[in-house]
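# Summary of structural features
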Amino acid sequence: VCGTATMIGDPPNIIVGNMLSDYLTFTDFLINLGPGVLITAPPLFVYLTWYFGDGLRGQMSADVEALQRSYPITNKPLL
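Read on for a plain summary of the structure.

What counts and how
- Residues numbered from 1 in each chain as written.
- Predicted model: local features only at pLDDT ≥ 70, side-chain atom pairs only at ≥ 80, totals over all residues.
- Heavy atoms only, no water.
- Phe/Tyr/Trp six-rings, centres within 6.5 Å; stacked < 30°, edge-to-face > 60°.
- Helix = DSSP H or I, 4+ residues; strand = E, 2+ residues; numbered from the N terminus.
- Buried < 20%, exposed > 50% of the residue type's maximum accessible area, 1.4 Å probe, protein only.
- Salt bridge = Lys/Arg side-chain N within 4 Å of Asp/Glu carboxyl O.

### Focus: the packing of aromatic side chains
Summed over all chains, the structure comprises four aromatic pairs. Ring centres of tyrosine 47 and tyrosine 51 lie 5.7 Å apart, and the angle between their planes is 25°; this geometry places the pair in the stacked category. Taken together, the residues span about one helical turn, with tyrosine 47 and tyrosine 51 both in helix H2 (residues 26-51) at a distance of four residues. We classify tyrosine 47 as partly exposed; its relative accessible area is 41%. For the pair tryptophan 50 and tyrosine 51, a centre-to-centre distance of 6.3 Å together with 55° between the ring planes defines the contact as tilted.

Put into structure tokens, the structure is as follows:
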């Protein structure tokens with residue numbers, strides 16, 4: 001959601017930004033889309049907290065050693 005405010009935040013914005021690069025700077029793009037994101041983001045986060053609330057509460061545990069054994073890093077230079 002918040003990537004929508006920037007020219008590089010999501011693929012459609014990249015396309016629009018490239019097409020309008022002669023007329024629109026990165027800052028202009030942010031100034032035009034930022035207010036809509038600022039208005040939309042808080043209600044979205046409230047809704048997501050309400051909808052997924054049970055999964056967001058409580059303790060979360062992970063067996064990191066088991067995950068490292070199951071998914072080892074095979075190409076360290078690529079990492």
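Having seen it, we continue.
### Observations concerning the pattern of salt bridges
Note on pairing: side chains with opposite charge can pair once their charged atoms come close. All chains considered together, the criterion is met by one salt bridge. We note a salt bridge from arginine 57 to aspartate 54, for which the minimum N-O separation is 4.0 Å. We note that arginine 57, like aspartate 54, is exposed.

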